Structures are given as structure tokens and as C-alpha cells.
Amino acid sequence: KGKMGKLITQVAAEREDLELTAGVGPKGRDYIGADLGTVAMVGRELGVPVTDDLESVIDNCDVIIDFSTKEMAMDVLEQAVAHGKALVCGTTGFTEEEIQKFKEAAEKIPMLYAANTSKMVNVMNKLLETVVSILKDDVDIEILEMHDQWKKDVPSGTSREMGEIMARAMGKEIGDIAVYGREKGESPRVPGTIGYHSLRAGNIPSSHTVFFGGMGERLEITHHSYNWECFARGACDCAAYLADKPAGFYTIQDVLGFKKADSLTVCLFKIHIRL
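Residues numbered from 1 in each chain as written. Predicted model: local features only at pLDDT ≥ 70, side-chain atom pairs only at ≥ 80, totals over all residues. Heavy atoms only, no water.

*Asks:* Is there a simple way to explain the environment of Cys 238 in this structure?
*Replies:* The topology assignment puts Cys 238 in helix α8 (residues 229-242). Spatially, the C-alpha atom of Cys 238 lies 9.1 Å from that of Leu 256, the residues being 18 residues apart in sequence. With sequence-adjacent residues up to four places away left out, Cys 238 is seen in contact with Val 88, Leu 112, Ile 252 and Val 255. (Helix = DSSP H or I, 4+ residues; strand = E, 2+ residues; numbered from the N terminus. Contact = heavy atoms within 4.5 Å.)

Printed below as a string of C-alpha cells:
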């Protein structure tokens, strides 16, 4: 019944390649036992139950889409592995040790973890990789991310992923070069770092801007989501993609058909100059 659960249900209910088999909510909610279409406000009943017991319905599905909490997500991961079900996880806020458990699970099931399932965000990630591979240390990099007042993890999973992508393009680890905000007083910028800044206010859906500051010029790459529908559509695309895949750790770049070589196309010309 959350913002993503409702939208994923609404999107999936309209797709011919997906069939909803159950919705899972937290224990004790007053809507447990109701029809998923009613709970998610699809506009009609779907003949699909809402339960608070994943294990009771898990064998009826091919793929699980999880946008819950980090605590619930770890339980979902454990059951997905036990029952051999593909899993799309869009929940964020995990520690490095928890992310490692998702990677280990990929040895047994098709596993897709995505901090952001928007197509345009992932196109933006490719642009960021390209910019850094060209400009390298010639620019200062700062990330500004904005979310609603209910967003729990700071910085956002999307901005963390953006930083990781750019750090790899620099041949570095994000943990070694990330700077989170700046305190009052003297705080000079350290060259080669990536700065993170987080804003939480109202019901801002999601906004990410990466600033590349050079001398005498600045490049900004920004993504704004007007609502969460783009994430729901991307999550359903991921589920459809995983349905026939073998065990492995997949990314949304796989879903979109990105290849490493796509980051930059280089054209070579032979130039003849007559003197």
C-alpha cells in the first residue's frame, strides 16, 4: 500500500506479459486479506490476495519485486533463495555487508538489485561515466540529491550509485574519496573527492544533479522525477527480464541493453593536409 507498491501493482495489472499472483504487506495491517486491486487502488478487483506471509504465496510466482524496508528485504532475500525464485530488489539503505548477501544469492537465483529503476536515471549514469572518463581530474565533482521528508537513507541509494560509477571511472573507490556535506568553519575542498549534499523537504519525489566544476565553466547533469511511476515501470521491466534468466547478478543496465563499450564511441579519421 506504499507509494511504490501501489504504482507497481497498477503498472503490472495493465501489462500483458505480467500476471500478479499476490501482494505482501507488513504484519498487522488492516488491509491484509483484501483484494490487491482494491488495496492498490487499481480501480477493479484483480482476484489476487494481499497477505502478510510471503512463504504462503511464494511458490505461485516466478519473480518477486521488493520495494519494502531494508529489514523486510533481507527476509525476502532469504525466502527467495530457499524457494529458488528470481528477485528484483529496489529497496535501498543497505550496508556493504548486506549488499554482499545479494551478490552471494546470485549464485543460486536470478538476482537484480537496482538503487534506481528509472530508465532515464540509468542513461544519466552512462553520461556521468563518459564525462569522468574524458575530464578525469580536470573538474571538481559535487552531487546534490533531493527527496521527500520521509526519505530515510542519506545519501540516497541513487546518488551513492552515481558516485560509485564515477569513482570507478577515475580508477578509485568511492569510500576513499566521498565527502558528505561540509560543516561550519573552514572546510577547503580536497582535490579528487566527490561531494555529497542531501536535501529533504515536503513531498519532492526525487531529484539528482551532478555538478562538474572547471575553471571558467561548469557542466550540470540533472534528472527530475515528477512522480514515482517511472520507477514502477522500470521495476516491472526488470521482472519481465529476469523471468527466463539463469542464476546470476543482473543490473538494470542489462535490462536496457547497455554494454561497457557504449559509454563512449570514438571515431578516428585520417586527415590529409596539402601544403
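Having seen it, we continue.
*Asks:* In this structure, what is going on with the packing of helix α3 (residues 70-83) against helix α4 (residues 96-105)? I would like to understand it.
*Replies:* The relative placement of two packed helices comes down to the angle between their axes together with the axis-to-axis distance. Relative orientation of the contacting elements α3 and α4 amounts to 20°, with a least axis distance of 11 Å. What the angle tells us is that α3 and α4 run roughly parallel. The hand of the α3/α4 crossing is left-handed. Residues Lys 70, Met 74, Leu 77 and Val 81 of α3 lie in contact with α4, whose contacting residues are Glu 98, Lys 101, Phe 102 and Ala 105. By residue class, the composition of the contact of α3 with α4 is 5 nonpolar, no polar and 3 charged. (Axes fitted to C-alpha atoms, helices over the stretch in contact; angles between N-to-C directions. Parallel < 35°, antiparallel > 145°, perpendicular 65-115°, else oblique. Left-handed = near helix turned anticlockwise from the far one by under 90°. Nonpolar A, V, L, I, M, F, W, Y, C, P; charged D, E, K, R; others polar.)

*Asks:* Even after reading the chapter, I still don't get the pairing of strand β8 (residues 194-200), so can you show me in this structure?
*Replies:* If a strand is regular, its side chains alternate between the two faces of the sheet. Where strand β6 (residues 140-147) and β8 come together, 7 bridges link them in parallel fashion. By the bridge assignment for β8, Glu 142 is matched with Gly 195. For strand β7 (residues 178-180) and β8, the ladder comprises 3 bridges, and the chain directions are parallel. Paired with Val 179 across the bridge in β8 is Gly 195. (Pairing = 2+ DSSP bridges.)

*Asks:* Hey, could you run me through the sheet that holds β8 in this one?
*Replies:* Within a beta sheet, neighbouring strands are joined by backbone hydrogen bonds and run either parallel or antiparallel to one another. Strand order across the open sheet formed by 5 strands is β7-β8-β6-β9-β10, with mixed pairing between neighbours. Since the sheet does not close on itself, it has two edges, and those belong to β7 and β10 (218-225), each with one partner. Looking at each pair of strands side by side, their axes are set apart by 15° on average, direction ignored. Lying on the sheet, helix α5 (residues 119-135) is in contact with β6, β9 (206-213) and β10; it crosses β10 at an angle near 165°.

*Asks:* Just to check I follow, could you spell out the state of the cysteines for this structure?
*Replies:* Overall, the coordinates contain 0 disulfides when judged by the stated rule. Here Cys 89 stays free of any disulfide, with the sulfur of Cys 238 as its closest cysteine sulfur at 11 Å. For Cys 89, a relative accessible area of 0% gives the class buried. (Disulfide = S-S within 2.5 Å. Buried < 20%, exposed > 50% of the residue type's maximum accessible area, 1.4 Å probe, protein only.)

*Asks:* Please clarify how the sheet that holds strand β4 (residues 86-89) should be interpreted in this entry.
*Replies:* Spatially, 4 strands are ordered β3-β4-β5-β11 in an open sheet, and the strand pairing comes out parallel. Edge positions in the open sheet fall to β3 (63-66) and β11 (248-250), since each of these has one partner strand only. Between one strand axis and the next, the sheet turns through 15° on average, direction left out of account. Pairing of strand β5 (residues 110-113) with β11, which is carried by 3 bridges, proceeds in the parallel orientation. Residue Leu 112 lies in a different strand from β11, and its bridge partner there is Tyr 250. Against the sheet, α8 touches β3, β4, β5 and β11, its axis set at about 160° to β4.

*Asks:* So what exactly am I meant to see when it comes to the pattern of salt bridges here?
*Replies:* Two side chains with opposite charge may pair up if their charged atoms get near one another. Going through the model one piece at a time under the given rule, you end up with 16 salt bridges. Here Lys 70 makes a salt bridge to Glu 98, at a shortest N to O gap of 3.4 Å. Of this pair, Lys 70 sits in helix α3 while Glu 98 sits in helix α4, and the two are 28 residues apart along the sequence. When its relative accessible area of 18% is taken as the criterion, Glu 98 is described as buried. Here Glu 145 and Arg 200 are joined by a salt bridge, their closest N and O atoms 2.7 Å apart. Of this pair, Glu 145 sits in strand β6 while Arg 200 sits in strand β8, and the two are 55 residues apart along the sequence. What makes Glu 145 buried here is its relative accessible area of 0%. Taken together, the shared-partner salt bridges connect Arg 15, Asp 17, Lys 119 and Asp 237 into one network. (Salt bridge = Lys/Arg side-chain N within 4 Å of Asp/Glu carboxyl O.)

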